[in-house]
Amino acid sequence: MTREEFEELVAEALDRIPPELTRLMDNVAVFVEDDPPADDPELLGLYEGTPLTDRGEWYAGVLPDRITVYRLPTLRMCESREDVVAETEITVVHEIAHHFGIDDERLHALGYG
């Protein structure tokens, strides 16, 4: 799967997020990269920033939070295009949930681990 096709899947996954949630997202940008950091080669996604639940009056004038979805490890773990579509959607939801302050333990319990 090309990078452009994968980027389209990420965009489609974002489009499936309910509008009432996307309206609440604040100061966050989503990126696609081929490779994750070298110290975690199987990482599918990463949220970097300050979750909405941790922001206070001090939160102003900061760079956007960053959600990155990694293409190559996703392609390595999936056997079919359908698997890639499903895994990409799970990864996007997982990382957006971190933006809302939901931790990995809760996400695993909800099936987004």
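In this text, all values refer to a predicted model and were calculated from it rather than measured experimentally. (Residues numbered from 1 in each chain as written. Predicted model: local features only at pLDDT ≥ 70, side-chain atom pairs only at ≥ 80, totals over all residues. Heavy atoms only, no water.)

**Considering the environment of glycine 61**
Within the secondary structure, glycine 61 sits in the loop between strand 2 (45–48) and strand 3 (65–70). Sequence-wise, glycine 61 and glycine 111 are 50 residues apart; in three dimensions their C-alpha atoms are separated by 35 Å. (Helix = DSSP H or I, 4+ residues; strand = E, 2+ residues; numbered from the N terminus.)

**Describing the nonpolar core**
Phe6, Val10, Val69, Val84, Val92 and Ile96 are the most contacted members of the largest nonpolar core, which has 15 residues in total. When residues of this core are traced back to their parent elements, those giving at least two are helix 1 (3–15), strand 3 and helix 4 (81–99). Ignoring sequence-local partners within four residues, the contact set of isoleucine 96 consists of Leu14, Ile17, Met25 and Ile67. (Core = buried A, V, L, I, M, F, W, Y, C linked by side-chain atoms within 4.5 Å. Buried < 20%, exposed > 50% of the residue type's maximum accessible area, 1.4 Å probe, protein only. Contact = heavy atoms within 4.5 Å.)

**Details of the packing of aromatic side chains**
Scanning the model with the defined rule gives 1 aromatic pair in all. Taking 5.6 Å as the distance between ring centres and 80 degrees as the angle between the ring planes, the aromatic pair formed by tryptophan 58 and tyrosine 59 counts as edge-to-face. Note on tyrosine 59: relative accessible area 15%, which makes it buried. Sitting above the plane of the phenylalanine 31 ring, arginine 66 keeps its charged end 3.9 Å from the centroid. (Phe/Tyr/Trp six-rings, centres within 6.5 Å; stacked < 30°, edge-to-face > 60°. Lys NZ or Arg CZ within 6 Å of the ring centre and 35° of its normal.)

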